[in-house]
Amino acid sequence: MQFCPKCGALMLPKQIEDRPILVCNTCGHATKTAKLEEYKIVKPAKQKEMIAVIEKGAKPALPTARTKCPKCGHGEAYWWLRQTRAADEATTRFYRCAKCGHTWREYT
Ligand SMILES: [Zn+2]
Ligand SMILES: [Zn+2]
């Protein structure tokens, strides 16, 4: 239900050339049924697709080796290599105990 903006009387819907309009019964003021047109045009906004985030596991992506932890004696440790910039220096292999997290290094 809509009221005339000019005189405040009730607007009556009329169909003119396949376009519904509202015409004031008292003063003849006509207005397009903008609201109805908006409902036809406006489509529900598509939600932006969420970018799938690949969650990595909490466990470190490091290989494990069977070695004895010097701290707790556990037999498995993660290991990784770190090459020093100096060519004459040996590659350092690091171990991290899978149980207690103790980290030590070993020259290969
Ligand atoms: Zn009116
Ligand atoms: Zn340990």
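Quick look at the structure, then. (Residues numbered from 1 in each chain as written. Chains lettered and ligands numbered in written order. Predicted model: local features only at pLDDT ≥ 70, side-chain atom pairs only at ≥ 80, totals over all residues.)

1. Let's talk about the overall build of the protein
- Helices and strands together make up the secondary structure of the protein, namely 1 helix and 7 strands.
- The secondary structure elements of the protein, listed N-terminal to C-terminal, are β-β-β-α-β-β-β-β.
- Across the 108 residues that make up the protein, the buried fraction comes to 7%. (Helix = DSSP H or I, 4+ residues; strand = E, 2+ residues; numbered from the N terminus. Buried ≥ 20, exposed ≤ 12 C-beta atoms within 10 Å, placed from the backbone.)

2. Regarding the sheet that holds strand β3 (residues 30-32)
- Ordered by their spatial adjacency, 3 strands build an open sheet running β1-β2-β3, and the pairing between neighbours is antiparallel. The outermost strands of the open sheet, each flanked by one partner alone, are β1 (11-16) and β3. Neighbouring strand axes in the sheet, compared pairwise and without regard to direction, differ in orientation by 35° on average. (Pairing = 2+ DSSP bridges. Axes fitted to C-alpha atoms, helices over the stretch in contact; angles between N-to-C directions.)

3. Observations regarding the pairing of strand β2 (residues 19-24)
- Across 6 bridges, the pairing between β1 and β2 is antiparallel. Following the sheet pairing, Pro13 is matched in β2 by Leu22.
- Here β1 folds back onto β2 in antiparallel fashion, the turn holding 2 residues, of which Glu17 has a positive phi close to 50°.
- As defined by bridge partners, β2 adjoins β3 across 3 bridges and the pair is classed as antiparallel. Its bridge partner being in β3, Ile21 is matched across the sheet by Lys32.
- Connecting the antiparallel pair β2 and β3 is a turn made up of 5 residues, with Gly28 showing a positive phi of about 85°.

4. Some remarks on the environment of Cys4
- Examined against the element boundaries, Cys4 turns out to sit in the segment before β1.
- Taking the C-alpha atoms as reference points, Cys4 and His29, separated by 25 residues in sequence, lie 7.1 Å from one another.
- What Cys4 contacts, discounting residues up to four positions off in sequence, is Ala9, Met11, Cys24, Thr26, Cys27 and His29. (Contact = placed C-beta atoms within 7 Å.)

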